[in-house]
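Spelled out from the first residue to the last, the chains are:
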Amino acid sequence: MTDPVRCNSIEEIRSLREAHAQFQASLASANADFESLAQLDKQIKSFNVGPNPYTWFTMEALADTWKNLQSIIKQRDSELAQEEVRQEENDKLRKEFAKHANAFYQWLTETRAQMMEGSGTLEEQLAAVGIKAHEVAGRASDLRKIEDLGAILEEKLILDNRYTEHSTVGLAQQWDQLNQLGMRIRHNLEQQIQARNQSGVSEDALKEFSMMFRHFDKDKTGKLDLNAFKSCLRALGYDLPMVEEGEPEPEFESILNVVDPNRDGFVTLQEYMAFMISKETENVQSSEEIENAFRAITAQERDYVTQEELHSNLSKEMADYCIARMKPYEDPRTGQGITGALDYMEFTRTLFS
């Protein structure tokens, strides 16, 4: 009855109030017993006898205790009622925090998936990610609201919340990770566009690399663990032998030396794309090699090439790429153009500029 009233939930305070109500219900019987004792004491005193040798208690002491008990019960009633109000307010705070936290987590999950979706051309993807990155930055105010609610919960010593599994710290970390993911994806798309424009890596090849990465990035985190990375490489046609756990994998280790030299256990989208682009262009070492390659397919090793020569010696995709970007050739001696001639020297200098 005199213990401090401090609960952690509405259920707990309601259980205490129910027990207190049951105790109060038993007071009617106790009061009848008290009245019987009072009558008996009065009868004993009418005989003018001395103190009762069978008990230390007197009726006056019992009356004081009974009166004090009524006061304690009234105080307990008040404390339990106040605690119930406090727990109801705490529960409202829990629900308010959970409402915002759950909605923010759902938005984080959906936005992460949308960022990793990668549909459309590279330029369209870059524009879409830029919009999403702006949205992520703008949702910082929602996170601050959650942090403010979390601070109130801590201030009121509300340490549990059955309405959500999310915490302020966890959501802040995930928001920061999403912000970082947006920056990495933008940088990666810019890298892909540069590779396409300057190195001739086809957009279809880049899309295939990205699609394969997204397929194995099940949690949409923007990174693969080493087993997922290995499976991704196999899906792309890399011949990596199956070995028992713990056995050496020299082929895979040589790839990791390039893509994950610090061995942090993960391969990010940026590291992965850089590796795949480098493998696509690893045979291109210098502008001189490119010039020599073009010169070799010309009829008389001249400084220009024709569309026919390009189509005869290159794949249609690569030939079309070169034709679309090569400028008409002009004879440096006369300054006159030559019909059908394309300037592969200027094209090569532009690639490596």
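Sequence positions are assigned chain by chain, starting from 1 and proceeding in written order. The model is predicted, so local features are restricted to residues of pLDDT at least 70 and side-chain atom pairs to those at 80 or more, both for listing and for counting; the totals for chains, interfaces and linings are taken over all residues. The side-chain figures draw on all heavy atoms in the structure; neither hydrogens nor water molecules are used.

Some words on the overall build of the chain
Going by this rule: Strands are runs of DSSP state E lasting at least two residues, helices are runs of H or I lasting at least four, and both sets are numbered from the N terminus onward. For the radius of gyration, the atom set is restricted to C-alpha positions; the globular benchmark scales as 2.2 Å times the number of residues to the power 0.38. Each residue is assigned to one of three classes by its accessible area relative to the maximum for its type, calculated with a 1.4 Å probe on protein chains only: buried under 20%, partly exposed between the two thresholds, exposed over 50%. Two residues qualify as a contact provided that any one of their heavy atoms is within 4.5 Å of a heavy atom in the partner residue. The Shrake-Rupley method, run with a 1.4 Å probe sphere, supplies the accessible areas, and residue values consider only the shown protein chains as cover.
A tally of helices and strands in the chain yields 14 helices and 5 strands. For 353 residues, the compact-globule estimate of 2.2 N^0.38 gives 20 Å, and the chain exceeds it by more than 25% at 40 Å. Taking the principal axes of the C-alpha coordinates as reference, the chain spans close to 150 × 50 × 25 Å. Burial status across the chain gives 35% buried among its 353 residues. Of all intrachain contacts in the chain linking residues separated by at least 6 positions in sequence, the fraction that spans at least 24 positions is 71%. Entry remark: accessible area of the chain is about 21800 Å², with carbon and sulfur atoms responsible for 51%.

A look at the packing of helix H7 (residues 203-216) against helix H10 (residues 269-280)
Definition in use: Only the contacting stretch of a helix is used when fitting its axis, a line to C-alpha atoms as for every element, and angles between N-to-C directions run 0 to 180 degrees. Working rule for handedness: look at the near helix, and if it is turned counterclockwise from the far one by less than a right angle, call the crossing left-handed; if clockwise, right-handed. Note on residue classes: Ala, Val, Leu, Ile, Met, Phe, Trp, Tyr, Cys and Pro are nonpolar, Asp, Glu, Lys and Arg are charged, and everything else, Gly too, is polar.
Interhelical geometry of H7 versus H10 gives an angle of 145° and a closest axis separation of 11 Å. The crossing of H7 and H10 is right-handed. Contacts from Ala205, Leu206, Phe209, Ser210, Met212 and Phe213 of H7 reach H10 at Leu269, Tyr272, Met273, Met276, Ile277 and Glu280. Within the contact of H7 with H10, the residues separate by chemical class into 10 nonpolar, 1 polar and 1 charged.

As for empty space enclosed by the protein
Note the following rule: Cavity means a closed set of points on a 1 Å grid over the protein atoms alone, one where a 1.4 Å probe fits but cannot get out, pocket means an open set with protein on both sides within 12 Å along at least 5 of 7 lines, and lining means a residue has an atom within 4 Å of a point. Grid points are joined across faces, edges and corners, and a volume is the space filled by probe spheres set on the points.
Inspection of every chain in the model, using the stated rule, returns 1 cavity of 30 Å³ or more. If you add up the space inside the largest cavity, you get close to 110 Å³. Of all elements in the fold, only helix H3 (59-117), helix H4 (122-138), helix H6 (168-199) and H7 reach the threshold of two or more residues within the lining of the largest cavity. With 4 residues, H6 is the single largest residue contributor to the lining of the largest cavity. Across the lining of the largest cavity, the residue classes break down as 7 nonpolar, 5 polar and 1 charged.

Things to note about the pairing of strand E5 (residues 337-342)
The criterion, for reference: By this definition, two strands are paired if DSSP reports at least two bridges between them.
With 2 bridges connecting them, strand E3 (residues 305-306) and E5 associate as antiparallel partners. Across the sheet, residue Thr306 finds its bridge partner in E5, namely Ala341. Taken together, the 2 bridges between strand E4 (residues 328-330) and E5 define a ladder with antiparallel strand orientation. Residue pairing in the sheet places Glu330 in a bridge with Gly337 of E5. Taken together, E4 and the strand that follows it, E5, pair antiparallel across an intervening segment of 6 residues, in which Gly335 is found at a positive phi of about 75°.

Re the side chain of Ser210
Within the secondary structure, Ser210 sits in helix H7. In this view, Ser210 contacts Gln192 and Met273; residues no more than four positions away in its chain are not counted.

So, the layout of surface pockets
Here the second largest pocket is characterised by a volume of approximately 420 Å³. Along the wall of the second largest pocket there are 16 residues; nearest its centre are Asp41, Asn52, Phe57, Thr58 and Met59. For the lining of the second largest pocket, the secondary structure elements donating two or more residues are helix H2 (27-45) and H3. With 5 residues, the top contributor of residues to the lining of the second largest pocket is H2. Tallied by class, the residues present in the lining of the second largest pocket amount to 9 nonpolar, 4 polar and 3 charged.

None of the figures reported here should be taken as evidence of function without further support.
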